[in-house]
Structure formats: C-alpha cells, structure tokens
Amino acid sequence: MPSETFFVRLFNPKNGATISSPTYLTVHIEGQSVPGLIGFDSSDLIIAENESDFSIDVYRTAGKDGEVSVDYSIIPATINEDLENISGTLTWADGDTDKKTIIIPLINDDDFESDEAFKISLSAISNAKLASNYTINIVIKDDENNKPPTITIAEILK
Ligand SMILES: [Ca+2]
Ligand SMILES: [Ca+2]
Ligand SMILES: [Ca+2]
C-alpha cells in the first residue's frame, strides 16, 4: 500500500475555542513499502559456445517501492577461458519494474572440449529481498563437440 497524504480542515470551533492558523492539518499515513523480489525467471540455462554474447534477464516482482540494487557475479571467477568474467550492479529506481539484462560475452574457441558449467549469482541486495531463483546454473555446450563429424576422402578410402 502506498503512503497517503490528506488534509483535515478545522472549522466551527465550539465552547469558545479558537483555531490558531493554519486551520489545515496535514495527515500523512505511512503505507507499507513493498520493494519486491529480485531474481531470474529460471534456475538453469543451456547455451552454445558459439552464441557469442548472450543475455540473461533479472526481474523485479511482487513490489516496486523504493530504489533497489543488487550485485551480480560469475562463479567460479576462474572460468575465463570460456567467457569473459564480468560482475556489476543492477539498480531499479523507485517504481521501476523493468527487467534488467546482464550481457555475458562467450569466448568461442576452436577446441574440442567437454561442456562447461558456471553460475551467475546475485548478492548484496539492498532494500529488497532475493527471489528463490537468485542463482542461475549455466552450461556451455561446446560447438566443436556437437558438430556432426567430418570425414575426409582419405578416411573413406582406408
Ligand atoms: Ca571453450
Ligand atoms: Ca567453438
Ligand atoms: Ca570449444
């Protein structure tokens, strides 16, 4: 519930009472502030190594009161052969419920390798609470490994 402000005008004093000015009384009712929850809309994501930049959205749900900020980071931070390590802060203004987007640049190498797993985690939230999906598990599927095998003429003639 938002805060409300209204005015009460004092008039018609009885029994000889007098009204000192101002005759308007401002009444402010402090509503309950609902800042909402911050999180991802899923807990797992699979992406291909050759997708280059991929984006992940972070949502503010169940409230919009006040400014809210949250930090994001990649776990483990040592996964820098497969993506560029990024971290930062997302901020929502008072009343803002737009999704915020994290862009993560993937590094597309030519190596045959197994799938790589990492997480993006939200932390250090201020003025709100984390939703249940505050961590998203991401698997990078190697595109070299998932290509159909190429066979050379020399192999066929063997
Ligand atoms: Ca790789
Ligand atoms: Ca590749
Ligand atoms: Ca690769």
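As a reminder, the structure under discussion sits directly above these lines.
Rules and cut-offs
Within each chain, residues carry numbers counting from 1 in the order of the written sequence. Chains and ligands are labelled by the order in which they are written, letters from A for the one and numbers from 1 for the other. Residue-level local features of this predicted model are given only where pLDDT is at least 70; pairs of side-chain atoms are given and counted only at 80 or more, and the full residue set underlies all totals for whole chains, interfaces and linings. Here a helix means four or more residues in a row that DSSP labels H or I, a strand means two or more in a row labelled E, and each is numbered from the N terminus. Any residue pair is listed as a contact if its two C-beta atoms, each placed from the backbone, are within 7 Å. At least two DSSP bridges between two strands are needed for those strands to be called paired. Under this scheme, a helix contributes an axis fitted over its contacting stretch, all axes are lines through C-alpha atoms, and angles between N-to-C directions fall in the 0 to 180 degree range. Counts of 20 or more other C-beta atoms within 10 Å of a residue's own C-beta define buried residues, counts of 12 or fewer define exposed ones, and intermediate counts define partly exposed ones; C-beta atoms are placed from the backbone. Put simply, a nonpolar core is a cluster of buried Ala, Val, Leu, Ile, Met, Phe, Trp, Tyr and Cys residues tied together by C-beta atoms within 7 Å.

Re the overall build of the protein
Part 1: Within the protein one finds one helix and eleven strands.
Part 2: Each helix and strand of the protein, placed in order from N terminus to C terminus, yields the pattern β-β-β-β-β-β-β-β-β-β-β-α.
Part 3: Considering only contacts in the protein between residues 6 or more positions apart, those separated by 24 or more positions represent 72%.

Focus: the sheet that holds strand S5 (residues 53-61)
Part 1: One open sheet holds the four strands; their spatial order is S8-S5-S3-S10, and the pairing between them is mixed. Only two strands of the sheet have a single neighbouring strand rather than two, namely strand S8 (100-105) and strand S10 (129-130).
Part 2: As paired strands, S5 and S8 are joined by six bridges and run antiparallel to one another. The partner of aspartate 53 across the bridge, within S8, is proline 105.

Brief notes about the sheet that holds strand S6 (residues 68-75)
Part 1: The strand order across the open sheet built from five strands is S4-S11-S9-S6-S7, with neighbouring strands paired in mixed fashion. Bordering the open sheet on either side are strand S4 (44-48) and strand S7 (87-92), each of which pairs with just one other strand. Taken pair by pair, the neighbouring strands of this sheet meet at an average axis angle of 25°, ignoring direction.
Part 2: Bridging between S6 and S7 involves six bridges; their strand directions are antiparallel. What sits directly across from tyrosine 72, in S7, is glycine 88.

A closer look at the environment of glycine 36
Part 1: Tracing the chain through its elements places glycine 36 in the loop between strand S2 (24-29) and strand S3 (37-39).
Part 2: Assessed through the 20 C-beta atoms surrounding it within 10 Å, glycine 36 is described here as buried.
Part 3: Each C-alpha atom of the pair glycine 36 and alanine 62 lies 4.6 Å from the other, and the pair is 26 residues apart in sequence.
Part 4: Discounting chain neighbours no more than four positions away, the residues touching glycine 36 are Arg60, Thr61, Ala62, Gly63, Lys64 and Ala128.

Section: the nonpolar core
Part 1: Formed by 14 residues in total, the largest nonpolar core has its most connected members in Ile38, Val68, Val70, Tyr72, Ile120 and Leu122.
Part 2: A total of four residues in this core trace back to one element, the largest contributor, which is S6.
Part 3: Beyond its immediate stretch of four places on either side in the chain, leucine 122 contacts Ile38, Gly39, Val70, Asp71, Tyr72, Leu130 and Tyr134.

With respect to unusual backbone geometry
Working note: non-glycine residues mostly have negative phi, and peptide bonds are mostly trans.
Part 1: Of the consecutive residues isoleucine 75 and proline 76, the connecting peptide bond is found in the cis state with omega at -5°.
Part 2: Tracing the chain through its elements places proline 76 in the loop between S6 and S7.
Part 3: Here serine 52, not a glycine, exhibits a phi torsion of approximately 50°, which is positive.
Part 4: Position of serine 52 relative to the elements: it lies in the loop between S4 and S5.
Part 5: Backbone geometry at alanine 62 places phi at a positive 60°, although glycine is not the residue there.

Description of the pairing of S5
Part 1: Here three bridges tie S3 to S5, and the two strands are oriented antiparallel to one another. Across the sheet, the residue bridging to isoleucine 38 is arginine 60, located in S5.

Section: the pairing of strand S9 (residues 116-126)
Strand residues, when the strand is regular, have side chains that alternate between the two faces of the sheet.
Part 1: Summarising the sheet, S6 and S9 pair through six bridges and their orientation is antiparallel. When the bridges of S9 are listed, isoleucine 75 appears paired with lysine 119.
Part 2: In this structure, S9 lies alongside strand S11 (residues 135-141), joined through six bridges in antiparallel fashion. Residue pairing across strands places lysine 119 opposite asparagine 137, the latter belonging to S11.

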